[in-house]
Amino acid sequence: MSHSSSSSNTSQLTLSVGGMGCASCVGRVEDALRAVPGVDRVSVNLATEKATLESDNDLPNPDALRQAVKDAGYQVETDTLVLDVQGMNCGSCASRVQQVLDQSPGVVEAAVNLANAQARVTVLTGSVTASELAGHVTEAGYPSQPLEAGPDREDRERAKRAAELTGLRRAVILAATLALPVVVLDMGGHFIPAFGDALHGALGTQTVYLLFFVLATVAQFGPGLRFYRKGWPALLRGVPDMNSLVMLGTSAAYGYSVVATFLPGVLPAESVHVYYEASMVIITLVLVGRFLEARAKGATSEAIRKLMGLKPRGARVWRDGAWQDVDVDQVQVDERIQVRPGERIPVDGEVVEGQSWVDESMITGEPIPVDKQAGGQVVGGTINGQGALTVQATRVGADTVLAQIIRMVESAQASRLPIQNLVDQVTRYFVPVVIGVALLTFAVWMIFGPAPALTLALVNAVAVLIIACPCAMGLATPTSIMVGTGKGAEMGVLFRGGDALQALRDVDVVAMDKTGTLTQGRPELTDVVVQGALSRDRVLALAGALESRSEHPVAQAIVRAAQAPDANAGALEVQGFEALPGKGVSGTVEGCAVRIGSWRYLDESGVDAESAREAAESLAEQGRTPLLMAVDGQLTALLGVADPPKASARQTVQRLHDLGLKVVMITGDNRRTAEAVARDLGIDQVLAEVLPEGKADEVARLRGDGSTRVAFVGDGINDAPALAGADVGIAIGSGTDVAMESADVVLMSDDLGNVVNAIALSRATLRNIKQNLFWAFAYNVTLLPVAAGVLYPPFGLLLSPVFAAAAMSLSSVSVLSNALRLKRFHPEKMSSAA
């Protein structure tokens, strides 16, 4: 849900803007909003019909923003929300609530009613939710909850899209029905002269023209009225758009035909022709293009709709001594929720009762259900399996993981890539230039053209107006971003903004943290080499019992191995436990004196450990921590503990090499262990024994003078400075915490393969954008002179306005179709082999 936020004193607001038809509209809305005092940065997205505003202080009043957009000829959409407000006892209470609501970002108007304890609030669509407003009022001391949140946003957007498609479908059908007889009768007469002669002989030319006039008038001011409603005001303001071009072109053809029908004497005899079929077919084809465009734009935003569809509508909450079904927006933090088998979990929370397997694939991308028991964390939108759960809500409304993901995807889809700036500069002046070219074309043909000069001048000027609509240029970048970032969300790769999408394509070096990123982040017992007469099970039982008293991660690895079902280690009593930091532990287990630690520790304790020295050094060379174990003063076993690489680590490094990237590992581990891991995984460079605060310095050194672009991959906790300092910070999430402010890209699962997938998707998206821009620019640059008639002198070729309309519609549809190809992007599946 697009919303207002404040981070580092920066305020942000997203508006839904209606009425934009082409790239020139984007420039005008941006100019209008940028002119409002207090707005520092503006980004308008044609594909999503959203405007994102940023201010380094407080954003201006929503009314000022709405008025600025309205003055530019467009409209900002609003919603009405109703809140139930408790605790108001007098007029001053109502005034306080009114003040809180008026000061909430995105609120256009609020009316607080003391009598019925309700507040009716008009907000900018998508800027703030009813739950967020209720939260503001509750914080002010008046318990509040949404009473009427209006239709769910997903339903609203679906209804809006359906209404738009239905309206366009009706307009296309009506326009085509009206145009068909005119095209058949008129064009049939041109292709089959005998048919034309018979038609005009039977009815008379004037009667045929009158029939065409009636049908064309209905088309021009029926389905074609939409072009006048938007194009004429834009023309009067001196900022024409694509609607203005279509309006001027069809009006010229229609108006000329009306004169030829009713006042033929004012035209030269050789120029008395009607072009009703041209204006009607142009209207029909442009509407067909818009219909196909609207359908395709709906497909580009499918990822957001899927994410919003994950949000459950209701929840079963324990209130007033009974389970009650309530709207999910009314769930409060700490309330208990009952989740029955097969239901979606409504909000983020902690399991307090029950056991079940939960499908979290829609959040993390991991297909295997996760076991959830008391104390386990669950995420709203995931699907409960066969068991029943009681969950205590920890995050609700805009704070849930799903809401954060939706915000992040929307933010990326609404953002502007640096590559877009050139497009905006061109399209800002494109339409006025096209009108100038059309006027120049008319004048040149009138002065220098052969007879009938007036007819040829009109036809070519109309062709120029129709063919040059810059829709394709405006859609080239945002549609690819929408599909690319949506595809990323499906894969569990979240881009914070479009700039990260572009920057990731250009990285030269991928630097990775070791522990928890390349490795599991949890030490495991890898080797048990028995040196004495005791069995392996007995060694594990004694070692596990002694180490169970220690909190050290290495000790816990031994304890987990001893407690494994196949270890056959029972619970043994420990006495006299002692831990020597940096050396080892000792104690008595079932009457046996047991010591576990370094070779030096056992040597100092009088244990002859020389026979294990070579084996211990061999383990260290393999990147494992060697521990010696003595029982009753005799060397008994050699234990090896390591933090093993993730199953996907080696293949990820290889795939990064295949992409031409250098891979660097940055770690605080000792050099010997780090280099052993690097050798195993095929990593190019190792930076070892680096303190957490020094990782950012190492990233800066890798970047050098900025010519080397570095992506840093970390777990987003102690790696925050390095994530922020890299050209692109990639945080590996846990699936439950996506709010990693330092990262540009967040991976929802710990599968390292998604690092490669993110880079591959970035490259595919930017390649797609360049293809779109090439075709959009090439189309206009190539066909505009053709429409003006440059091929007539050498070849006698002219471009009919009808073909110009078809080509113009085709250009937009082709750009959208090319962007939709990104939906077929398939990430490589990582093999389970290390």
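Residues numbered from 1 in each chain as written. Predicted model: local features only at pLDDT ≥ 70, side-chain atom pairs only at ≥ 80, totals over all residues. Heavy atoms only, no water.

Going by what an unreviewed UniProt entry lists, the protein chain is known as P-type Cu(2+) transporter and is assigned to Ectothiorhodospira marina. The Sequence similarities (unreviewed entry) comment attached to the protein chain in UniProt states, word for word, "Belongs to the cation transport ATPase (P-type) (TC 3.A.3) family. Type IB subfamily." Listed in UniProt under the heading Catalytic activity (unreviewed entry), the comment for the protein chain reads: "Cu(2+)(in) + ATP + H2O = Cu(2+)(out) + ADP + phosphate + H(+)". (UniProt positions renumbered as here; feature names shortened; annotations may be inferred.)

Quick look at the overall build of the protein chain now. Looking only at helices and strands, the protein chain features 29 helices and 31 strands. For the C-alpha atoms alone, the extent of the protein chain along its principal axes is close to 125 × 75 × 50 Å. A total of 834 residues make up the protein chain; the buried ones form 52% of that total. For the protein chain, the accessible area works out to roughly 35000 Å², and carbon and sulfur atoms hold 55% of it. Considering the protein chain, the positive charge centre built from 68 side chains and the negative charge centre built from 88 side chains are found 6 Å apart. (Helix = DSSP H or I, 4+ residues; strand = E, 2+ residues; numbered from the N terminus. Buried < 20%, exposed > 50% of the residue type's maximum accessible area, 1.4 Å probe, protein only. Areas by Shrake-Rupley, 256 points an atom, 1.4 Å probe, with all protein chains shown as cover. Lys, Arg positive; Asp, Glu negative; His and termini not counted. Charge placed at Lys NZ, Arg CZ, Asp CG, Glu CD.)

This part covers the nonpolar core. Residues Leu-15, Met-20, Leu-33, Leu-504, Ile-730, Val-745 and Val-755 are the most contacted members of the largest nonpolar core, which totals 143 residues. A per-element tally of this core places helix 27 (residues 753-788) first, with 15 residues. Those residues in contact with Leu-33 that lie beyond four places of it in its chain are Leu-15, Val-39, Val-42, Ala-51, Leu-53, Leu-65 and Val-69. In terms of nonpolar packing, the next biggest core, distinct from the first, is built from 31 residues, Ala-489, Val-509, Val-690 and Ala-722 among them. (Core = buried A, V, L, I, M, F, W, Y, C linked by side-chain atoms within 4.5 Å. Contact = heavy atoms within 4.5 Å.)

Attention now moves to helix 24 (residues 671-681). All buried positions along helix 24 are accounted for by Thr-673, Ala-674, Ala-676, Val-677, Ala-678 and Leu-681. Check the buried side of helix 24 and you find it contacts helix 18 (514-518), helix 22 (613-621), helix 23 (649-658), strand 27 (662-666) and strand 28 (685-687). Among the residues trailing helix 24, Gly-682 stands out with phi positive, at a value near 80°.

Moving on to the packing of helix 23 against helix 27. In contact at an axis separation of 8 Å, helix 23 and helix 27 are set at 25° when each is read in the N-to-C sense. If you check the angle between helix 23 and helix 27, you find them roughly parallel. On helix 27, the residues that touch Thr-652, Arg-655 and Leu-656 of helix 23 are Gly-753, Val-756, Asn-757 and Ile-759. Here the contact of helix 23 with helix 27 is built from residues that sort into 3 nonpolar, 3 polar and 1 charged. (Axes fitted to C-alpha atoms, helices over the stretch in contact; angles between N-to-C directions. Parallel < 35°, antiparallel > 145°, perpendicular 65-115°, else oblique. Nonpolar A, V, L, I, M, F, W, Y, C, P; charged D, E, K, R; others polar.)

Where nonpolar side chains cluster on the molecular surface, the patch consists of Leu-440, Phe-442, Val-444, Met-446, Ile-447 and Phe-448 and spans about 610 Å² of accessible area. Inspection of the secondary structure puts Phe-442 in helix 14 (residues 420-448). The partly exposed category is assigned to Phe-442, whose relative accessible area is 31%. (Patch = residues over 30% accessible without salt bridge, like charges linked within 9 Å, V, L, I, M, F, W, Y side chains within 5 Å. Salt bridge = Lys/Arg side-chain N within 4 Å of Asp/Glu carboxyl O.)

Here the structure, examined in full by the defined rule, presents 22 salt bridges. Residue Arg-34 is joined to Glu-30 by a salt bridge in which the shortest nitrogen-to-oxygen separation is 3.8 Å. Taken together, the residues span about one helical turn, with Arg-34 and Glu-30 both in helix 1 (residues 23-34) at a distance of 4 residues. With a closest N to O distance of 3.0 Å, Glu-698 and Arg-701 form a salt bridge. Placement of the pair is Glu-698 and Arg-701 together in helix 25 (residues 695-703), with a separation of 3 residues, close to one helical turn. A residue is classified by how much of its surface remains accessible, and Glu-698, at 15% relative accessible area, is buried. One connected set of salt bridges, linked through shared partners, spans Glu-30, Asp-31 and Arg-34.

This part covers the sheet that holds strand 18 (residues 389-395). Here we have 6 strands laid out as an open sheet, ordered 11-10-12-18-13-16, and antiparallel in their pairing. On the outer flanks of this sheet lie strand 11 (322-327) and strand 16 (377-378), each paired with one strand and no other. By the bridge criterion, 4 bridges tie strand 12 (residues 336-339) to strand 18 in an arrangement that is antiparallel. Its bridge partner being in strand 18, Gln-338 is matched across the sheet by Thr-390. (Pairing = 2+ DSSP bridges.)

As for its position among the elements, Ala-110 is in strand 7 (residues 107-113). Along the chain, Ala-110 and Gly-789 lie 679 residues apart, while their C-alpha atoms are 58 Å from each other. When near neighbours in sequence (up to four residues on either side) are disregarded, Ala-110 contacts Gln-98, Leu-101, Asp-102, Arg-120 and Val-121.

What follows deals with the confidence of the model for the protein chain. Summary statistics for the protein chain give a mean pLDDT of 83 and a share of 91% for residues scoring 70 or more. Across the protein chain, the element-wise mean pLDDT spans from 42 in strand 1 (residues 5-7) up to 95 in strand 27. Scored below 50 in pLDDT, residues 1-8 shows 30 contacts in the model against residues more than four places distant or in partner chains. A low-confidence stretch, residues 830-834 (pLDDT under 50), is modelled with 12 contacts involving residues beyond four sequence positions or located in other chains. (pLDDT = per-residue confidence, 0-100.)

This paragraph deals with the pairing of strand 27. Summarising burial for strand 27: 4 of the 5 residues are buried, a large majority. When strand 20 (residues 509-513) meets strand 27, the two strands line up parallel, connected through 5 bridges. Within strand 27, the residue paired with Asp-513 across the bridge is Ile-666. When strand 27 meets strand 28, the two strands line up parallel, connected through 3 bridges. Bridge assignment links Ile-666 to a residue of strand 28, and that residue is Leu-687.

A few words now on the sheet that holds strand 28. Strand order across the open sheet formed by 7 strands is 19-31-30-29-20-27-28, with mixed pairing between neighbours. The sheet is open, and its two borders are formed by strand 19 (493-495) and strand 28, each paired with just one other strand. Between one strand axis and the next, the sheet turns through 20° on average, direction left out of account. Alignment of strand 29 (residues 710-714) against strand 30 (residues 728-732), held across 4 bridges, turns out to be parallel. Within strand 30, the residue paired with Val-713 across the bridge is Ile-730.

A few words on the UniProt feature "transmembrane region" (unreviewed entry) in the protein chain. Sites flagged by UniProt as "transmembrane region" (unreviewed entry) map to residues 171-195, 207-225, 245-267, 273-292, 429-448, 454-477, 773-792 and 798-820. Helix makes up 78% of residues 245-267 and strand 0%, and the two end C-alpha atoms of the span are 25 Å apart.

On to helix 15 (residues 453-467), then. Its 15 residues give helix 15 an end-to-end C-alpha distance of 21 Å, which sits within 8% of 21 Å, the value for a rise of 1.5 Å per residue. Along helix 15, 15 of the 15 residues are buried, which leaves the element largely enclosed by surrounding structure. (Expected span 1.5 Å × (residues − 1).)

Okay, the packing of aromatic side chains next. In the structure shown here, the tally under the stated rule is 10 aromatic pairs. Geometrically, the ring pair formed by Phe-213 and Phe-262 is edge-to-face, given 5.0 Å between the ring centres and 85° between the ring planes. Of this pair, Phe-213 sits in helix 7 (residues 205-221) while Phe-262 sits in helix 9 (residues 242-262), placing them 49 residues apart in sequence. Its relative accessible area of 21% is what places Phe-213 among the partly exposed residues. Residue classification places Phe-262 among the partly exposed residues on the basis of a relative accessible area of 41%. Over the aromatic face of Trp-599 sits the side chain of Arg-613, whose NZ or CZ is 3.9 Å from the ring centroid. (Phe/Tyr/Trp six-rings, centres within 6.5 Å; stacked < 30°, edge-to-face > 60°. Lys NZ or Arg CZ within 6 Å of the ring centre and 35° of its normal.)

Another aspect to go through is the side chain of Asp-527. With respect to the secondary-structure elements, Asp-527 resides in strand 21 (residues 524-530). There is a polar contact of 2.7 Å between the side chain of Asp-527 and the side chain of Thr-526. A distance of 2.8 Å separates a polar atom in the side chain of Asp-527 from a polar atom in the side chain of Arg-624. (Polar contact = N/O pair within 3.5 Å; in protein donor to acceptor, adjacent residues only side chain to side chain.)

Our focus in this paragraph is the UniProt feature "domain: HMA" (unreviewed entry) in the protein chain. The UniProt record annotates "domain: HMA" (unreviewed entry) at residues 11-77 and 79-145. The distance separating the terminal C-alpha atoms of residues 11-77 is 20 Å; by composition the span is 33% helix and 31% strand.

The topology assignment puts Val-172 in helix 5 (residues 153-191). Among the residues examined, Val-172 registers a relative accessible area of 15% and is labelled buried. The sequence separation of Val-172 and Gly-289 amounts to 117 residues, and the corresponding C-alpha distance is 9.6 Å.

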